[in-house]
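Chain by chain, the residues:
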Amino acid sequence: MRSLVFLALRVSALLWLSFSVLAENTNISGVRFGQNGADTRFVIDMSGQVEPNIFLLANPSRVVIDLPNGSWEKDNNTKPTGVVEGYRHGLFSPGIYRIVLDLKQPAILAKSFSLPASGGYGDRYVIDLRPATDSSFAEAVTSSKHERPTPRDVVPDTPERVSRSNGKRIVVVDAGHGGVDPGTLGRSGENEKTLTLKISKQIKADLERTGRYQVYLTRDKDIYIPHRQRFGLAKAVNADLFISVHVDAIADPDVRGGTVYTLNENASDKEAGRLARMENKSDIIAGVDLAETNNEVTSILIELAQRETMNASAQYAEILLAEMRSQVHMHKRGHRFANLLVLKSPDVPSVLIETGYITNKIDARMLASTDGQKRIAKAVARATDQYFATLVAQGR
Ligand SMILES: [Zn+2]
């Protein structure tokens, strides 16, 4: 009993970390790009005066701007100029609203200052970026390091295995992407991160309605969650199953159909390799330095415990694929293997569902519809019932 209480406390602490309510008091109304001599000027229009935290990241070259308690109602999709190639923004963690600028060439922070409202303009924050050599950029990356927010303790210790008095199986449903990482973008303007959240919430509702599952979502709002924290939650709650929900995109608009992925160091084919490269970029997109996290993931991989988990994952994937086929259009080769970071939980059977292509008209319509989302959830609930029934039959 004591360990159960302990587990409950630990879970609520973790959820609190991810979902504590953000006080939104700096409203960003837009951004502008311009030239100021040789410098590229980046202006953030907002309500109120704030002092952002600014730092540089290498590989690829990025400028990260963290605003305390910010929000951004509507993006005016301003075209970047000068040294900036692209930008994105969103909630990075509770209390931190992040803007990431992708650099075309090395550049350093020449000036940054805030301007109070005047002459028809509201409050602004101005950042001037100056083209730089590789070595002075590298120096600036190092010296701005202390501005990075300290990473939260995202992987809690393994709680003891507890016997579940309520007899429910525990499932973690992971809504792909979120916050500053939008995922893939559809032609109609719908983002992957929005669709995955809707589908995941439907899956949670359907699973819980059976009375047989306790379901945790890795996120329940538009916020960035690192890969490690996603499977870290599965570990913390002693999950029996981890399901990551995604939406794919590809240049050819005729390609459609869903795919279920399970972990393997070697991709099953070219397509699976492409997918893994794209999905694994999430932390880079969100402005995270990967150099500090890679080692741990690699060492997890070689653990022998993973072998059994991989077999269980594949077993669930096959059942899920059959159920998905009866509800929505699936690829002919509907179960593939890829080296996906989010599936690297050493002892929780994990699958990743690419529910369809946002770049295909028919798939996009299905994914955005309540009916389509319900059909996906139905398939997941049926497959989950079947999978655990098989385990029970095998005495597990
Ligand atoms: Zn994705």
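Here the structure is a predicted model, which is why all the values come from computation and not from measurement.

(A) Structural context of the coordination of the zinc ion. Those donors, H177 (NE2), E192 (OE), H246 (ND1), E279 (OE) and E279 (OE), are the protein atoms that reach the zinc ion, and they lie 2.1 to 2.3 Å from it. The sequence motif formed by the donor residues of the zinc ion is H-x14-E-x53-H-x32-E. Of this pair, H177 sits in the loop between strand 10 (169–175) and helix 3 (192–209) while E192 sits in helix 3, and the two are 15 residues apart along the sequence. Take H177 and E192: they sit in the same class, and that class is buried.

(B) Geometry of the nonpolar core. Core analysis: the biggest nonpolar cluster contains 38 residues, and I243, Y316 and L320 have the highest contact counts within it. When contributions to this core are tallied by element, the ones reaching two or more residues are strand 10, helix 3, strand 11 (213–217), strand 12 (241–248), helix 8 (305–325), strand 15 (350–357), helix 9 (361–368) and helix 10 (370–393). With 9 residues, the single largest contributor to this core is helix 10. Beyond its immediate chain neighbours, meaning those up to four positions away, I243 contacts V171, V172, V173, D174, Y316, V351, I353, V380 and T384. Counting residues in each nonpolar core, the second largest holds 30 residues, with F33, F42, V50 and Y125 among its members.

(C) Molecular detail of the confidence of the model for the chain. Summing up the model confidence of the chain, the mean pLDDT is 85 and the portion of residues at 70 or higher is 85%. Looking over the chain, one finds the lowest element-wise mean pLDDT in helix 1 (residues 2–19), namely 39, and the highest in helix 3, namely 97. Across residues 1–24, confidence stays below pLDDT 50; counting only partners more than four residues off in sequence or on other chains, it has 46 contacts.

(D) Seen up close, the packing of aromatic side chains. Following the criterion strictly, the structure yields 7 aromatic pairs and no others. Measuring from centroid to centroid gives 5.2 Å for Y316 and Y387, while their planes differ by 75°, and the two rings are edge-to-face. One end of the pair, Y316, is in helix 8; the other, Y387, is in helix 10, and 71 residues separate them in sequence. Taken together, Y213, Y316, Y387 and F388 form an aromatic cluster joined through their ring pairs. Across from the ring centre of F92, 3.5 Å away, lies the NZ or CZ of R98, which sits over that ring.

Parameters and conventions
Throughout this description, residue numbers start from 1 for each chain and increase along the sequence as written. Given that the model is predicted, a residue must reach a pLDDT of at least 70 before its local features are reported, and side-chain atom pairs must reach 80 or more before they are shown or counted; all residues, however, enter totals for whole chains, interfaces and linings. Computation of side-chain values covers all heavy atoms of the structure but excludes hydrogens and water. Coordinating N, O and S atoms are those within 2.8 Å of the metal (3.2 Å for Na, K and Ca), and as water is not part of the atoms, a site may appear to have fewer donors than expected. Only DSSP runs of H or I covering at least 4 residues are called helices, and only runs of E covering at least 2 are called strands; the numbering of each starts at the N terminus. Note on classification: 1.4 Å probe, protein chains only; a residue is buried when its accessible area is under 20% of the maximum for its type, exposed when over 50%, partly exposed between these limits. Buried residues of nine kinds, namely Ala, Val, Leu, Ile, Met, Phe, Trp, Tyr and Cys, make up a nonpolar core once their side-chain atoms join them within 4.5 Å. Two residues qualify as a contact provided that any one of their heavy atoms is within 4.5 Å of a heavy atom in the partner residue. What pLDDT reports is the predictor's confidence in each residue, on a scale of 0 through 100. Only centres within 6.5 Å qualify two rings of Phe, Tyr or Trp (six-membered ring in Trp) as a pair; their planes then separate them into stacked at under 30 degrees, edge-to-face at over 60, and tilted for everything else. Think of it as a cone above the ring: NZ of Lys or CZ of Arg counts as a charge over the ring if it is within 6 Å of the ring centre and within 35 degrees of the ring normal.

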